[in-house]
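Spelled out, the chains give:
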Amino acid sequence: MTTGFSGGGVLEALVCFEQATVVLALCDGPELVVRTVNAAGRAAVGADLVGKPLPVQGHRPGLEAVLADGKEYRAGGVTVGGAKLDVVFRAVTAKDGHITGVTFEGHLPG
């Protein structure tokens, strides 16, 4: 079975996700409910994120644009939980093309 991942499968992709040094999360719906978050995210933002809205402060217009039209949103110094991160939000789309949530990528500034 091929997975679309060059040189590996789903397990390898999950290991890469979990061990990435940047904060990664998958969020559902307009409330940005966290479906999954990697180890860096749990360490930087909090261990109990899954099932709760991503605690991002401000930046609602940028996030609404991602959810409405899929336009990527980037910002620096965003407070997420107790951490200040440079962030990227990207739309997640279903097979039929409608936007179901966002991926979240966060980096410590600098």
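Residues numbered from 1 in each chain as written. Predicted model: local features only at pLDDT ≥ 70, side-chain atom pairs only at ≥ 80, totals over all residues. Heavy atoms only, no water.

Right, let's get into helix α3 (residues 60-69). Residue pairs spaced three or four apart in an α-helix point in one direction, given the helix's 3.6 residues per turn. Among the residues making up α3, those that are buried are Gly 62, Leu 63, Val 66 and Leu 67. For α3, the buried positions fall inside an angular range of 135 degrees around the axis, keeping them on one side. Away from the buried face of α3 by more than 90 degrees, exposed residues Pro 61, Ala 68 and Asp 69 are located. Taken together, the buried residues of α3 touch β3 (73-80), β4 (83-93) and β5 (99-107). Looking one or two places after α3, you find Gly 70, whose phi comes out positive at around 80 degrees. (Buried < 20%, exposed > 50% of the residue type's maximum accessible area, 1.4 Å probe, protein only. Helix = DSSP H or I, 4+ residues; strand = E, 2+ residues; numbered from the N terminus. Arc of directions from axis to C-beta. Contact = heavy atoms within 4.5 Å.)

In space, the five strands of this open sheet follow the order β2-β1-β5-β4-β3, with antiparallel pairing throughout. Whereas interior strands pair on both sides, the edge strands pair on one side only; in this sheet they are β2 (33-37) and β3. Looking at each pair of strands side by side, their axes are set apart by 35 degrees on average, direction ignored. Bridge count between β3 and β4: six bridges; the pairing is antiparallel. Across the sheet, the residue bridging to Val 78 is Leu 85, located in β4. Against the sheet, α3 touches β3, β4 and β5, its axis set at about 140 degrees to β5. (Pairing = 2+ DSSP bridges. Axes fitted to C-alpha atoms, helices over the stretch in contact; angles between N-to-C directions.)

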